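Take a look at the letters that make up each chain.
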Amino acid sequence: MTQFKVLISIILVLELFGLPSPVLAQINQPRKQIIVIDPGHGGKDFGAVGINGILEKDVVLKIAKQIIELNETTFNNQFEIYLTRYMDTLISLGDRTKLAKKLKANIFISFHCNHSDNPNARGVEVYVSKKQGKYSQESILLAYDLQKGLKENLGFKSRGVKFADFQVLRETVNCFPSVLLELGFLSNKEEKQFVCDSENLDSYAYLILNHLIKE
Ligand SMILES: [Zn+2]
């Protein structure tokens, strides 16, 4: 008898005798997509310090938390979402990727904001691992999709999809699709203003979740 037939037989017996069926429960509830969001920096590592002292570590954490909230309120808990940090604490890059692997993430997204000495520098960038891995292609597709969405829906200038040797990407590209988002320049007046508005942070969160549904 094949394994499948054995499984069906077990289910039939369980149904027949009205016993609680953990097997059935598992079949009826497909595993939710597990998304691990990595808000960059934290604690004594401020990340970029923008106009009026706005800190990258705070902005990225706010967006990440907004995503969790929106998943519950608007997306009917469609995803199982975890953050690599929930507070203003510094977690090592190695521990961030270890956590994502332990959680068996389906997608890993790291959030950052940019900074430049040129106050006119602006736009969003999406990075994928320069090192080739099992999930390079999926990562690149997700990256293109997200930068297109950020450009078309939120009006950001797109600085394109880029390849880099970032540790969080290098250590995950063989395990699941992974991208790193640079969500605008905190050194640019308009983009700094944009992230100071909580409604806009909501738009980021909505856009990102909406794109993950299509993945
Ligand atoms: Zn950063």
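These remarks concern the structure in this document. (Residues numbered from 1 in each chain as written. Predicted model: local features only at pLDDT ≥ 70, side-chain atom pairs only at ≥ 80, totals over all residues. Heavy atoms only, no water.)

A word on the nonpolar core
Heads up, the condition is: Buried residues of nine kinds, namely Ala, Val, Leu, Ile, Met, Phe, Trp, Tyr and Cys, make up a nonpolar core once their side-chain atoms join them within 4.5 Å. Only protein chains enter the accessibility calculation, which uses a 1.4 Å probe. A residue is then buried if its area is under 20% of the maximum for its type, exposed if over 50%, and partly exposed in between. Here, two residues are considered to be in contact whenever any of their heavy atoms come within 4.5 Å of each other.
One finds I109, F111, L181 and Y204 to be the most contacted residues of the largest nonpolar core, which totals 42 residues. With sequence-adjacent residues up to four places away left out, I109 is seen in contact with V36, I37, D38, L146, V179, L181, I208 and L212. By size, the runner-up hydrophobic cluster in this structure holds 11 residues, among which are A105, Y127, A164 and F176.

Focus on a negative patch on the surface
What counts is decided by this rule: Patch definition: residues above 30% relative accessible area lacking any salt bridge, with like charges linked at up to 9 Å and the nonpolar side chains Val, Leu, Ile, Met, Phe, Trp and Tyr linked at up to 5 Å. Where accessible areas are quoted, they stem from the Shrake-Rupley method and a 1.4 Å probe; at the residue level, only the protein chains shown are allowed to cover. Basic side-chain nitrogens of Lys or Arg form a salt bridge, by our definition, when they fall within 4 Å of a carboxyl oxygen of Asp or Glu. The charged-residue count follows a simple rule in which Lys and Arg add positive charge and Asp and Glu add negative charge, with His and chain termini not counted at all. Here the site of a charge means NZ on Lys, CZ on Arg, CG on Asp, or CD on Glu. Put simply, DSSP marks the helices as runs of H or I at least four residues long and the strands as runs of E at least two long, and each gets a number from the N terminus on.
Residues E69, E72, D197, E199 and D202 make up a contiguous surface patch of negative charge. Elements supplying a minimum of two residues to the negative patch: α3 (56-73) and α8 (198-214).

What to know about the environment of L99
Within the secondary structure layout, L99 lies in helix α4 (residues 93-102). Sequence separation of L99 and T84 is 15 residues, and the distance between their C-alpha atoms is 7.1 Å.

Observations concerning the side chain of R96
Note the following rule: N or O atoms within 3.5 Å of each other form a polar contact, as long as, within protein, one can give a hydrogen and the other can take it, and as long as residues adjacent in sequence are counted only when both atoms are side-chain atoms.
Secondary-structure assignment places R96 in helix α4. Judged by its relative accessible area of 2%, R96 falls in the buried class. A polar atom in the side chain of R96 sits 3.0 Å from the backbone oxygen of I91. Residues within four places of R96 in sequence aside, it is in contact with D38, P39, G40, H41, T84, R85, L90, I91 and F108.

Things to note about the coordination of the zinc ion
Put simply, a metal with four donors set out as a tetrahedron has ideal angles of 109.5 degrees, and one with six donors set out as an octahedron has ideal angles of 90 or 180 degrees. Spelled out, the test is: Keep in mind that water is not among the atoms, so a site may look incomplete; donors are the N, O and S atoms within 2.8 Å of the metal, or 3.2 Å for Na, K and Ca.
Around the zinc ion, the protein contributes the donor atoms H41 (NE2), E56 (OE) and H112 (ND1), at 2.0 to 2.1 Å from the metal centre. Donor residues for the zinc ion sit on one chain with the sequence pattern H-x14-E-x55-H. Separated by 15 residues along the polypeptide, H41 in the loop between β1 (33-39) and α3 and E56 in helix α3 bring together distant segments of the chain. For the residue pair H41 and E56, the accessibility class agrees, reading buried in each case.

Comments concerning α8
Which entries qualify depends on this criterion: What a helix should span is 1.5 Å times the count of its residues minus one.
The end-to-end C-alpha distance of α8 is 25 Å, a good match for the 24 Å that 17 residues give at a rise of 1.5 Å each. Every buried residue of α8 is accounted for by N200, L201, Y204, A205, L207, I208, L209, H211 and L212. At the N-terminal end of α8, a side-chain oxygen is found 2.8 Å from the backbone nitrogen of E199, two or three residues along, and the residue is D197.

Considering the side chain of Q147
Mapped onto the elements of the fold, Q147 is located in helix α5 (residues 136-154). Not counting residues up to four positions away in its chain, the partners in contact with Q147 are V126, S158, G160 and V161.

Brief notes about the pairing of β1
Threshold: A pair of strands is considered paired only if DSSP assigns at least 2 bridges between the two. For the handedness criterion, the strands are oriented away from the viewer, and a crossover whose path from the first strand over the helix to the second runs clockwise is classed as right-handed.
Counted residue by residue, β1 has 6 buried out of 7 residues, so it is predominantly covered. In this structure, β1 lies alongside strand β2 (residues 79-83), joined through 5 bridges in parallel fashion. Counterpart to I35 in the pairing with β2 is I81. Crossover handedness for the path β1 to α3 to β2: right-handed.

In short, the description is geometric, and any link to function would need to be established separately.
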